[in-house]
Amino acid sequence: MLALALSSCGGGGGGGGSAPAPAPVTPAPAPPVVIPPAPSPSPAPGTGTGDPMVSPLMVASNWEIGPVIGGQNYSAGVPLRPVQTNDGWAFDFPIAGGHVNYITYPYGSLAGKSRIVMRYRIEADPGVKFLPKCCAELLGQGPTMYIQMANDDWQREGGRWFATFNSPWPIVAGDFEVNIPLDSNWTSVYTWAANDHSAEFAQAKAGAGRIGFTFGGGDGYGHGVYATGRARMVVTSFVVE
C-alpha cells in the first residue's frame, strides 16, 4: 500500500426502433405513416464499477497478482485479479502449496508525487499464521510497498525499489494503514539504498511503470507468503499523492 490496464473490463451500448404503421381507415384514404425518430443510444458503461467517482486504483480488475514474467505467474494458488468488495477490493491468501508474491498496478511515472498511502484489513480465522514460502519456521512479512521502472528486466540494480523501512512484520489480523513517503530511504532489489543513490532513485520514480506491494520474508521481500488457514486481505483505500 489501484486505470485501466491489464485486462480491464468495459463495453455496452443501446439503440432504438420505429413505431408500426397505423391500420388504414376505410373507405377514407389511409393517413400517412409517421415514423418517430429513434432514441439516442444510451452511453456505454465505463470500466470497473462504472462510477466516475471511484478511483481506478480501487477497481479490482486493474490490479494483477503476480508477478508475471515471460508468461509465467510467480504467485501460485491465487487468481490473476483481486475481487471487488463493498468496501474496496480483496484477495484470499492461499494455503500451503500456494503463495502470493506481488500485487501490482500499471501506474506510470511518480514525478511530482510525494507519498503512497494504503489502508487495508487482514481477516483471518483464529490461530492462522502467515508463513514465507521459503521458510515455514519463520513468519511472513508485508505488505511492503514497491516501485518498478517501466521495461525493467527483473535483473538490474535500481529497477525495483522496496519501502523496507516500513514493512509490517509479522502479518496479523486487524485494520492497518501504511503511509510511505517517496523521499525516504527505499531499498533497491540488491544493495542500493536511496539515500546513497538519490539520482538513481529519482530516475526510478520518474520512469516508474508499476507500483504495488509485496509479501515475503526469510529470503526476500517479494518471494511470497501463504496462510495456514482461511485468510483474506481487503484494500479499503489506495492513494498516490
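What you see is a predicted model; the values in this text were computed from it and never measured.

The rules behind the values
- Residues numbered from 1 in each chain as written.
- Predicted model: local features only at pLDDT ≥ 70, side-chain atom pairs only at ≥ 80, totals over all residues.
- Heavy atoms only, no water.
- Helix = DSSP H or I, 4+ residues; strand = E, 2+ residues; numbered from the N terminus.
- Buried < 20%, exposed > 50% of the residue type's maximum accessible area, 1.4 Å probe, protein only.
- Areas by Shrake-Rupley, 256 points an atom, 1.4 Å probe, with all protein chains shown as cover.
- Phe/Tyr/Trp six-rings, centres within 6.5 Å; stacked < 30°, edge-to-face > 60°.
- Salt bridge = Lys/Arg side-chain N within 4 Å of Asp/Glu carboxyl O.
- Polar contact = N/O pair within 3.5 Å; in protein donor to acceptor, adjacent residues only side chain to side chain.

Caption draft 1: Examining the overall build of the chain more closely. The number of helices and strands found in the chain is 1 helix and 15 strands. Within the chain, buried positions represent 42% of all 241 residues. Surface summary for the chain: the accessible area is close to 12,000 Å², and the carbon and sulfur share equals 55%.

Caption draft 2: Examining unusual backbone geometry more closely. Here the amide bond leading from Gly66 into Pro67 is cis, since omega sits at 10°, within 30 degrees of zero. With an omega of -10°, the peptide bond between Trp169 and Pro170 qualifies as cis. Mapped onto the secondary structure, Pro170 falls in the loop between β10 (160–162) and β11 (174–181). Despite not being glycine, Asn151 shows a phi value in the positive range, around 65°. Here Asn151 is to be found in the loop between β9 (141–149) and β10. The backbone of Trp154 sits at a positive phi, close to 70°, despite the residue not being glycine. Tracing the backbone through its elements, the reader meets Trp154 in the loop between β9 and β10. You can call Trp154 buried: its relative accessible area is 18%.

Caption draft 3: Local environment of the packing of aromatic side chains. With the rule as written, the count across this model stands at 20 aromatic pairs. A ring pair is formed by Trp63 and Trp89, whose centres lie 4.8 Å apart and whose planes are at 35°; its orientation type is tilted. Of this pair, Trp63 sits in the segment before β1 (64–66) while Trp89 sits in strand β5 (residues 88–92), placing them 26 residues apart in sequence. Seen in terms of ring centroids, Phe93 and Phe130 are 4.9 Å apart; in terms of plane orientation they differ by 70°. Their pairing is edge-to-face. Separated by 37 residues along the polypeptide, Phe93 in the loop between β5 and β6 (102–105) and Phe130 in strand β8 (residues 130–132) bring together distant segments of the chain. Note on Phe93: relative accessible area 5%, which makes it buried. Here the aromatic cluster, defined as three or more aromatic residues joined through ring pairs, consists of Trp63, Trp89, Phe91, Phe93, Tyr105, Tyr107, Phe130, Phe213, Phe215 and Phe238.

Caption draft 4: A look at the pattern of salt bridges. Taken as a whole and assessed by the stated rule, the structure comprises 8 salt bridges. Note that Arg121 and Glu123 form a salt bridge whose closest N and O atoms lie 2.8 Å from each other. In this structure, Arg156 engages Asp152 in a salt bridge whose closest nitrogen and oxygen atoms are separated by 3.1 Å. The structure contains a network of salt bridges with shared partners spanning Asp87, Arg121 and Glu123.

Caption draft 5: Here's a closer look at the environment of Asp153. Of note, Asp153 is situated in the loop between β9 and β10. Classification of Asp153 by relative accessible area gives partly exposed; the value is 46%. Each C-alpha atom, one on Asp153 and one on Ile69, is 9.1 Å from the other, the two residues being 84 residues apart in sequence. Of note is the side chain of Asp153, whose polar atom sits 2.8 Å from the backbone nitrogen of Gln155. Here the side chain of Asp153 touches Arg156 through a polar contact of 3.0 Å, landing on its backbone nitrogen.

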